[in-house]
Amino acid sequence: MSVRVRFAPSPTGYLHVGGLRTALYNYLFARHHGGKCILRIEDTDRTRFVENAQENLISSLSWAGIEFDESPDKGGDFGPYIQSERFDLYRKYAQELIENGNAYYAFDTAEELDAMRERQQKAGVAPKYDRSVMRNQYTLGPEETENLFKANAPFVVRLKVPLTGEIRFSDIIRGEVVVNGRDVDDQILLKSDGFPTYHLANVVDDHLMQISHVIRGEEWLPSTPKHVLLYDAFGWERPKFAHLPLLLNKDKTKLSKRQGSVAVEDYAGKGYFKEAFVNFIALLGWNPTADREIFSMQELIEFFSLEKVNKAGAVFDTQKLDWMNSQYLRALDLNDLAVRFKPLADEAGFSGFDNDYLAKVIGLLRERVNLLIEIPVFGNYMFEKPKEYDEAYVLKHWKDTTLELVKPLVELFKNAPNFEHQTTHDITMAYVESQGLKLKDVIHPLRLMITGKSVGAGMFETMEVLGKDECIERFNIFIDKKEKGEI
RNA sequence: GGUCCCAUCGACUAACGGUUAGGUCACCAGCCUUUCACGCUGGCAGUAGGGGUUCGAAUCCCCUUGGGAUCACCA
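Below is a summary of the structure that appears in this document. (Residues numbered from 1 in each chain as written. Chains lettered and ligands numbered in written order. Predicted model: local features only at pLDDT ≥ 70, side-chain atom pairs only at ≥ 80, totals over all residues. Heavy atoms only, no water.)

## Focus on unusual backbone geometry
Then step 1. Cis geometry is found at the peptide bond from Gly79 to Pro80, where omega equals -5°.
Then step 2. Located in the positive-phi region is Asn52, a residue other than glycine, with phi close to 70°.
Then step 3. Relative to the elements of secondary structure, Asn52 occurs in the loop between strand S2 (36-39) and helix H2 (53-63). (Helix = DSSP H or I, 4+ residues; strand = E, 2+ residues; numbered from the N terminus.)

And the structure:
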């Protein structure tokens, strides 16, 4: 059997990180097995439709590097891939179930259903559609049912769940799951507006699109018995199921908006590399080996297997994501990083620097930050002259004698044959030794004059990237201010 | 509450009956040093509890406890 899987989001907003992981696992599984990965939009609920949500979803998915073989954009042999364009189908299949006795018409109003649930709650039983007393084709009889149709009474189609016996199915991740038929509700398949519910549309489409493996979040586990019943009722072969463990908040509840960002686009916006984010997400609930953390998409594909997916939920804790991002920051090509950094620099107000310079700055600072986006803040002095000088740092390292100590050194720098870090280092070293001092006696004052800050990359490397003219200018500005007593 | 799922360091996880229970992040200490980092070395820290099965259990079974998901004409 050829592998065909699908990611089937609802267009209700942005792509959730849990959704991204589900999509990713589907993608990895498909690619690993040389199968097809399909994107299907499940928009059967008109009330939850959000403008541009579909575009948003697709752009987040593509940012992450997840490509689909068949999708609304791309088309394919099993389209359309948007459920709202497939409505006729669902009605037809609902009809088929009515005819073979696996589904039935019901005419209850919302009020009647509420009343039923209230009664059941009072009686202390689980709320469940009671087809022996409610208004449906069984209690009403053929004649009355016919009359209601003639009167255009609103109706729904419900799944006829066997009252006795067990429903069982096997899940690749969880093994055998068994539920009693009496515990399964007569799910509405076709709503009174004629639209299908998720359950019907999902099963029909998965069958028609020849989906071999249904890989989805654990929240779907409780409704899987209904889906299994539907496959059986149609006489269709069931796909293999794999219910993924949930992504969790710190308090172990299902990952939600309340406790932090859950939109994939937010993480892209925060400056995380897609490579790091995908790497991180992939390792939440699955691990190919014990002694490795960094994997490229190709490697994830190569190693992926559903059998190694965990059963327990995983807390989405971004601490490790930060570290992972820093690993990519150090490993990625500097020119490539410069291209990615350019817009971030522009946004920070540091425009007009060429990629060559940006690459050098990144090379200088990449080991000191986790995210590229931190560079304009951490290393602002690489793009602008210091606006202020760290007071505590001045106090600690600028003595009364420092000014006279530094001035001759600046002269030596002016006459330096070049400004490579080795050269300035050697000049400084020789000077310092001639004064009977140590390197650090002068390094801190230099850092202060050049950057205004107490932290940064290696001093001579920093000076090399900034260049001779810029450095001399900064020395002079500082010395001038110092002499005027402004600092 | 009913049903279902789950349970290894604070977090992510390894172990598929035999290991001093391993790795990574975070945290702590030391080394390195030109500040901050990186790096290196070391440390802290875990099988929820109780019963079985077995020569031997984190691993298999049962119970308890705890957590979660789900119970709509949402998906």
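## Focus on the packing of helix H12 (residues 334-347) against helix H13 (residues 355-365)
Then step 1. The interhelical angle for the contact between H12 and H13, taken along N-to-C directions, is 105°, at an axis separation of 8 Å. Taken together, H12 and H13 sit at an angle that is classed as roughly perpendicular. Across the interface between the two elements, Leu334, Asn335, Leu337, Ala338, Val339, Phe341 and Lys342 of H12 pack against Asn355, Leu358, Ala359, Ile362 and Gly363 of H13. (Axes fitted to C-alpha atoms, helices over the stretch in contact; angles between N-to-C directions. Parallel < 35°, antiparallel > 145°, perpendicular 65-115°, else oblique. Contact = heavy atoms within 4.5 Å.)

## Notes on the protein's contact with RNA strand B
Then step 1. Every one of the 61 residues lining RNA strand B counts as a neighbour, but Ser10, Lys191, Gly285, Glu367 and Arg368 are closest to it.
Then step 2. Sugar plus phosphate, as a fraction of atoms of RNA strand B within 4 Å of the protein: 73%.
Then step 3. Between Glu218 and RNA strand B, the recorded distance is 3.0 Å, taken from a side-chain N or O atom to a sugar or linking oxygen.
Then step 4. The contact in question runs from a phosphate oxygen of RNA strand B to an N or O atom on the backbone of Val315, over 2.7 Å.
Then step 5. Grouping the amino acids of the surface near RNA strand B by side-chain chemistry returns 25 nonpolar, 13 polar and 23 charged. (Near = heavy atom within 4 Å. Polar contact = N/O pair within 3.5 Å; in protein donor to acceptor, adjacent residues only side chain to side chain. Nonpolar A, V, L, I, M, F, W, Y, C, P; charged D, E, K, R; others polar.)

## Digging into the packing of aromatic side chains
Then step 1. On inspection of all chains with the given rule, the structure shows 30 aromatic pairs.
Then step 2. Between the aromatic rings of Tyr231 and Phe241, the centroid separation amounts to 6.5 Å while the plane-to-plane angle is 70°, which identifies the pairing as edge-to-face. Residue Tyr231 is located in helix H7 (residues 224-234), and its partner Phe241 is located in strand S9 (residues 240-244); the two are separated by ten residues in the primary sequence.
Then step 3. Here Phe413 and Phe475 contribute two aromatic rings whose centre-to-centre distance is 5.8 Å and whose plane-to-plane angle is 15°, an arrangement assigned as stacked. Residue Phe413 is found in helix H16 (residues 402-414), and its partner Phe475 is found in helix H20 (residues 468-483); the two are separated by 62 residues along the sequence. When sorted by exposure, Phe413 lands in the same class as Phe475, which is buried.
Then step 4. Ring-pair connections join several aromatic residues into one group, and the members of that group are Trp63, Tyr267, Tyr272, Phe277, Phe280 and Phe316. (Phe/Tyr/Trp six-rings, centres within 6.5 Å; stacked < 30°, edge-to-face > 60°. Buried < 20%, exposed > 50% of the residue type's maximum accessible area, 1.4 Å probe, protein only.)

## Quick notes on the sheet that holds strand S3 (residues 103-106)
Through backbone hydrogen bonds, the strands of a sheet pair up, either in parallel or in antiparallel fashion.
Then step 1. Judged by pairing direction, the sheet is antiparallel, and its three strands sit side by side in the order S3-S4-S7 without closing on themselves. The outermost strands of the open sheet, each flanked by one partner alone, are S3 and strand S7 (188-190). In this sheet, adjacent strand axes meet at a mean angle of 45° when their direction is disregarded.
Then step 2. Strand direction decides the pairing type here: strand S4 (residues 156-159) and S7, joined by two bridges, are antiparallel. By the bridge assignment, Val157 is partnered in S7 with Leu190.
Then step 3. Against the sheet, helix H3 (residues 87-99) engages S3, S4 and S7, with an angle of about 105° to S3. (Pairing = 2+ DSSP bridges.)

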